[in-house]
Structure formats: structure tokens, C-alpha cells
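Chain and residue survey
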Amino acid sequence: MGSAGGDDQAFYGGLEGGATHSKMVVMNGKGAIIAWSEGPSTNHWLIGVEECMRRIHSMAEDVKKKANIDVKKPFKSMGLSLSGGEQEEGQRRLIEGMQSAFPEVSEAYHMCTDTFGAIATACEKGGIVLISGTGSNCQLVNPDGSIYGCGGWGHMLGDEGSGYWIAHQAIKTAFDAEDNLVKPPHDVSYVKDAMFTYFGVTKRYGMLDHLYSQFDKTKFAAFCVKLAEGAQAKDPLCIWLFHEAGILLGRHILAVAPNMDKSMFDAPGGLQVVCVGSVWKSWEAMKQGFLEGLKPRDADDLEIKRFTLLNLVQSPAVGAARLGAEKVQINLPMDIKANVNVFYTHPE
């Protein structure tokens, strides 16, 4: 049990580290946000541990300068809520590396996957988070601390329903249609033209660099923005792609539901799901697919009759700072309800 915060001269860092961009916060012991800094991806699987450390150090220096804190004065703790941060060995390497190479950043660290920072930002005790951004992941943390997950395996094995997945499905559908390998569910003209324009190519062979030798997951996934524009313009194939993504995201919830503490279904509004990532901006295009994906597939699946979808109005960096402070037995004061916004309740 940690002690309450309250020291406005003690500082605690928190990092929301995504596959595309990262955001760092510094808070004082009273839970007040002092400053922010931003940076590129801090997923060590994508950029390597050494580069990840350098980026964390750079953001820490920047946020300390903005907060008028001596850059040589370490934070009391730093919570690292990072995409790709699940593995204990990876956590050990990164934390030990930071303590050795950059001891001025923080006295103590807590590292976890990006889903945990979101839960700590939105939920008092336990919760479920469903990420759909560059990649996808679903994590359940029960009130007793037990953890279950679905997804989070990266683009080679998963990322279903994510920006990367939608972009890949669109491109694959267009390629297969032109090869006459698979009949597309709808005309591919919009997707093909958008693909050529976005990647700056004129023929399909021009895509090979972007798919292989110069593959950039962040840029590749960002093609999803053009597909979202297509769905808004009522292109049938784009609408279908987001519907399919919705099905798969719903199934992530269905997958972890049997392991949920029953008390989580009894909350006001039913099961509370924290939705993180830019793909949720296309909720209306995914809605019917999501509801379809939540339907039980067989007798082993639970029927989820009531649920509420929340999005964060505050960065998960705040939750990461909270987790980091708990590492040194400090409870940072936090208004959890102010960190979230309800965007859908079922039944409506």
C-alpha cells in the first residue's frame, strides 16, 4: 500500500510509447501535470533497445526543461507504458540500460505494455483496454491483478483490426483482384488509385519497395487514413474493410470475456471498455461489425449484454506516471472520471 503523494517538489515521469509516436508527462506529488514532451516511436522491437533509450532520454531532457527542472535531477520514478513492452527480458534490458547509460533520467522505473498505461489512466482498479492504432492489442486486468490478453503479436502474426491490418487488407484485395486470384467483395478502383497516390507510385511493382526493402510500418498503417476518407465518401470497399475490422475488434473482447471478474459486468453501463488509437475515430464505420464480432460463436463464449465504450481525453502517459509512482510506494492523486469520455453505450 503506497503513501499519498503531496510533495510538489517531487517529480514523477510517465511515458506513453506507441509504434508511431510517444508522449511524456511530468507530474508533481500532488498529481498536477507540470509539462509535456513528444517524440517518435519507442517500440524497442521496431527501433532497437539502444535507440529506444536515446529517445526516452531526449524526451526526458525536453520535458524537464519545459518544467524548469534541472535536467541532471532524476525523477523519483518513471513509468514506461510502451508498445511492445510486455516481455520481462525486454523490460530488464531497457531499464538496466537506462540506469547505466542515463542515470539522470529517473531513480526508479516501472515498465509495462501500452495497454496498462491506458487502464491506469481510465480505471480505478483493473479494467479492459482495446487498442486499435498502428497495431492492435486487447488487455484485461482484473481487480485482483490477474492479467489476460488477446492479440498484441505485431503485424507478422496479428494486429487484426488495426490501421496496419486495414491498409494491408485493402492493398492485398486490390492486388488479388488485378491478378484474378480472388474476386473482390466490391470494386477496387478507389483503393487502387488512393494506394498509387499515397505511396507515390504508378504501377503495382512500385509498391514492392514499400512492402519489403523500405517497409515502414508507421507509414504503411497511415494509409488507413485515406481508406477512412473513402468510407466517409461511401466507397463500398472501404466501408467493407472497416466493417471487417470492427468484427475482429469485437472478437478481441469476446476472447478475454471468460476470464473477466463478474464484478466488471455489474458496473453502471455494464462492461467498461477503454478504446485507444486513431482507428476508433472511424467508429461509425466499424460499429455494426463490432456488434457482430461480440456475438457468441459457440456455447463457450459469453453473451455481453451491456457495455460502454470509453475513449481517453488524457494521454496514457498519466496512467504510466501513476504506475511508476506506485513502484516507489507513492499514490499520485488522480481524477479518473475526468480522463475519459463515453462515446457509445449498448444497448442504445
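Spatially, the five strands line up as an open sheet ordered S4-S3-S2-S5-S6, and their pairing is mixed. Looking at the sheet topology across the chains shown, the edges are occupied by strand S4 (33-40) and strand S6 (109-113). On average, each strand axis in the sheet is inclined to that of its neighbour by 15°, with strand direction left out of account. As defined by bridge partners, strand S3 (residues 21-28) adjoins S4 across seven bridges and the pair is classed as antiparallel. Bridge pairing in S4 places Ser22 opposite Gly39.

Membership of the largest hydrophobic core comes to 52 residues, with the highest contact counts inside it found for Ile253 and Phe290. Excluding residues within four positions of it along the chain, Ile253 makes contact with Ile128, Leu130, Cys138, Met260, Leu271, Val273, Phe290, Leu294 and Ile304. Val26, Val49, Ala67 and Leu82 belong to the second-largest nonpolar core, a separate cluster that totals 25 residues.

It is worth spelling out the pairing of strand S8 (residues 136-141) at this point. Counting buried residues along S8, six of its six residues qualify, which places the element largely inside the surrounding structure. Of the two faces of S8, both are covered, the one formed by Ser136, Cys138 and Leu140 as well as the one formed by Asn137, Gln139 and Val141. Taken together, the six bridges between strand S7 (residues 127-132) and S8 define a ladder with antiparallel strand orientation. Each bridged residue has a counterpart across the sheet, and for Val129 the counterpart in S8 is Gln139. In this structure, the hairpin formed by S7 and S8 is closed by a connection of three residues. Of the strand pairs in this sheet, S8 and strand S9 (residues 147-151) are connected by five bridges, and their pairing is antiparallel. Opposite Gln139, over in S9, you have Gly149 as the bridge partner. Counting the residues between successive antiparallel strands, the hairpin from S8 to S9 contains five residues, one of them, Gly145, with a positive phi of roughly 90°.

The next point concerns the side chain of Asn142. Looking at where Asn142 falls in the secondary structure, it is placed in the loop between S8 and S9. Under the relative-accessibility criterion, Asn142 is labelled buried at 5%. A distance of 2.9 Å separates a polar atom in the side chain of Asn142 from the backbone oxygen of Asn259. Dropping the residues within four chain positions of it, Asn142 is found in contact with Gly126, Tyr148, Asn259, Met260, Asp261 and Met264.

Time to look at the pattern of salt bridges. If you walk through the whole model with that rule in mind, you get 14 salt bridges. Lys192 is paired through a salt bridge with Glu178; the nearest N and O atoms lie 2.6 Å apart. Here Lys192 is found in helix H6 (residues 189-199), whereas its partner Glu178 is found in helix H5 (residues 163-179), with 14 residues between them in sequence. The class of Lys192 is partly exposed, set by a relative accessible area of 24%. Given the relative accessible area of 42%, Glu178 is considered partly exposed. When the shortest N-O distance is used, the salt bridge between Lys287 and Glu348 registers 3.0 Å.

Before going further, it helps to examine the packing of helix H2 (residues 49-66) against helix H3 (residues 88-101). At their nearest, the axes of H2 and H3 sit 10 Å apart, and the two run at 55° to each other. Classified by the angle between their axes, H2 and H3 sit oblique to one another. Note that H2 runs across H3; the crossing there is right-handed. Contact with H2, carried on its side by Val49, Cys52, Met53, Ile56 and His57, involves Arg93, Leu94, Gly97, Met98 and Ala101 of H3 and no other residues of that element. Residue composition of the contact of H2 with H3, by class: seven nonpolar, two polar and one charged.

Parameters and conventions
- Residues numbered from 1 in each chain as written.
- Predicted model: local features only at pLDDT ≥ 70, side-chain atom pairs only at ≥ 80, totals over all residues.
- Heavy atoms only, no water.
- Pairing = 2+ DSSP bridges.
- Helix = DSSP H or I, 4+ residues; strand = E, 2+ residues; numbered from the N terminus.
- Axes fitted to C-alpha atoms, helices over the stretch in contact; angles between N-to-C directions.
- Core = buried A, V, L, I, M, F, W, Y, C linked by side-chain atoms within 4.5 Å.
- Buried < 20%, exposed > 50% of the residue type's maximum accessible area, 1.4 Å probe, protein only.
- Contact = heavy atoms within 4.5 Å.
- Polar contact = N/O pair within 3.5 Å; in protein donor to acceptor, adjacent residues only side chain to side chain.
- Salt bridge = Lys/Arg side-chain N within 4 Å of Asp/Glu carboxyl O.
- Parallel < 35°, antiparallel > 145°, perpendicular 65-115°, else oblique.
- Left-handed = near helix turned anticlockwise from the far one by under 90°.
- Nonpolar A, V, L, I, M, F, W, Y, C, P; charged D, E, K, R; others polar.

Bear in mind that shape data such as this cannot, by itself, settle questions of function.
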